[in-house]
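Listed here are the chains, written in short residue letters.
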Amino acid sequence: MPPHPPTLKRLRPPLSGFIVDGFNFCEADVRHYLLTHAHSDHTCGLHASFDLGTVYCSSVTARVLRATIGLPEKRITTIDVGQSIEVEGVQITALDAGHCPGSLMFLLEHLATGHTALHTGDMRASQDVREAVCAALLRRGLLRLCHRCNHSPSPTTSAIAATAAAVATTTTATFTAAAAAARVLSGPVRAPARHVPRLQRQH
């Protein structure tokens, strides 16, 4: 696995209480560790005696961790596709990453500020995966579709697809970085609509 600087594993404030796929970069003030999936390049540093906090992952990944690493069940909190949990004022929603059985993307919302991050991990930029992301963001008022049609993706969805494809090969891509390129997933949960740019239809 190529080396990654620790700053890519810990989310930025106000979500800095979470580290994703970064068990070699544990920090004393972090007790919440998100694991996107159980491939060995993402579980580096995780071992049976891990006691630095809670590991959040899918139930499939949890079974793999117990069987291969021997991680105690008490160290694991499971969250499966479509489910949401609240951890210290942050709502975490699990989305299907389409990478392998049990793989997740994590949508994190800081409830006090509306700050939102989508951590993709390894993900498949397929239509089903992209549409599930869009649907989750729409439900929270984080995304507005400018054009609707039955089969073709809207310009907004196309921009999401382009962003997803751009970050699909990195294990540490976050919504914060992706938004700089796409500018279509943005702002606090209750951001006024005028703050969301209207994309032009592309032909």
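Use the structure listed above.
Owing to the predicted nature of the structure, the values given are computational and were not obtained by experimental measurement.

A. Representation of helix α1 (residues 59–68). Along α1, the residues that are buried comprise Thr61, Ala62 and Leu65. End-on, the buried residues of α1 take up no more than an arc of 105 degrees, which puts them together on one face. Across α1 from its buried face, at more than 90 degrees, point the exposed residues Ala67 and Thr68. Where α1 is buried, its residues touch β3 (54–57) and β4 (76–78). With its phi angle positive at about 80 degrees, Gly70 sits one or two positions after the end of α1.

B. Representation of the sheet that holds strand β5 (residues 84–87) in the model. With antiparallel pairing, the four strands of this open sheet are ordered in space as β5-β6-β7-β8. Only two strands of the sheet have a single neighbouring strand rather than two, namely β5 and β8 (116–119). With strand direction ignored, the average angle separating the axes of adjacent strands in the sheet is 20 degrees. In terms of strand pairing, β5 meets strand β6 (residues 90–96) through four bridges, oriented antiparallel. Looking at β6, one finds that Glu86 is bridged to Gln91. Relative to strand β7 (residues 104–110), helix α2 (residues 127–139) is tilted by about 15 degrees, and along the sheet it contacts β6, β7 and β8.

C. Molecular detail of the packing of aromatic side chains. The full count for this structure, using the stated rule, is three aromatic pairs. Where Tyr33 meets Phe50, the ring centres are 5.5 Å apart and the plane angle is 90 degrees; that geometry is what we call edge-to-face. Taken together, the residues Tyr33 in strand β2 (residues 32–34) and Phe50 in the loop between β2 and β3 connect sequence positions 17 residues apart. An identical accessibility class is assigned to Tyr33 and Phe50; each is buried.

D. How the structure looks around the sheet that holds β3. One open sheet holds the four strands; their spatial order is β1-β2-β3-β4, and the pairing between them is parallel. Both edges of this open sheet fall to β1 (18–20) and β4, since each of them pairs with a single strand only. For this sheet, the mean inter-axis angle between neighbouring strands, taken without regard to orientation, is 25 degrees. Across three bridges, the pairing between β1 and β2 is parallel. Along β2, the bridge assignment pairs Ile19 with Tyr33. With respect to the sheet, α1 is in contact with β3 and β4, its orientation differing from that of β3 by roughly 130 degrees.

E. Molecular detail of the nonpolar core. Judged by nonpolar contacts, the single largest core of 15 residues is most densely connected at Phe18, Leu34, Ile92, Phe106 and Leu108. Breaking this core down by element, the ones donating at least two residues are β1, β6 and β7. If we ignore the near neighbours within four places in the chain, the residues touching Leu108 are Leu11, Leu15, Phe18, Leu34, Val90, Gln91, Ile92, His115, Thr116 and Ala117.

F. Structural view of the pairing of β6. Within β6, five of the seven residues are buried, which leaves the element mostly enclosed by the surrounding structure. The hairpin formed by β5 and β6 contains two residues between the paired strands, and Glu88 there has a positive phi angle of roughly 50 degrees. Where β6 lies against β7, seven bridges are found, and the strand directions are antiparallel. Bridging from a neighbouring strand, Ala94 pairs with Phe106 of β7.

G. Broad picture of the side chain of Thr36. Structurally, Thr36 can be placed in the loop between β2 and β3. Among the residues examined, Thr36 registers a relative accessible area of 0% and is labelled buried. Polar side-chain contacts of Thr36 include one of 2.7 Å to the side chain of Asp21. For Thr36, the residues in contact, after removing those within four places along its chain, are Val20, Asp21, His42, Gly102, Ser103, Leu104, Phe106, His119 and Gly121.

What counts as what
Residues numbered from 1 in each chain as written. Predicted model: local features only at pLDDT ≥ 70, side-chain atom pairs only at ≥ 80, totals over all residues. Heavy atoms only, no water. Buried < 20%, exposed > 50% of the residue type's maximum accessible area, 1.4 Å probe, protein only. Helix = DSSP H or I, 4+ residues; strand = E, 2+ residues; numbered from the N terminus. Arc of directions from axis to C-beta. Contact = heavy atoms within 4.5 Å. Pairing = 2+ DSSP bridges. Axes fitted to C-alpha atoms, helices over the stretch in contact; angles between N-to-C directions. Phe/Tyr/Trp six-rings, centres within 6.5 Å; stacked < 30°, edge-to-face > 60°. Core = buried A, V, L, I, M, F, W, Y, C linked by side-chain atoms within 4.5 Å. Polar contact = N/O pair within 3.5 Å; in protein donor to acceptor, adjacent residues only side chain to side chain.

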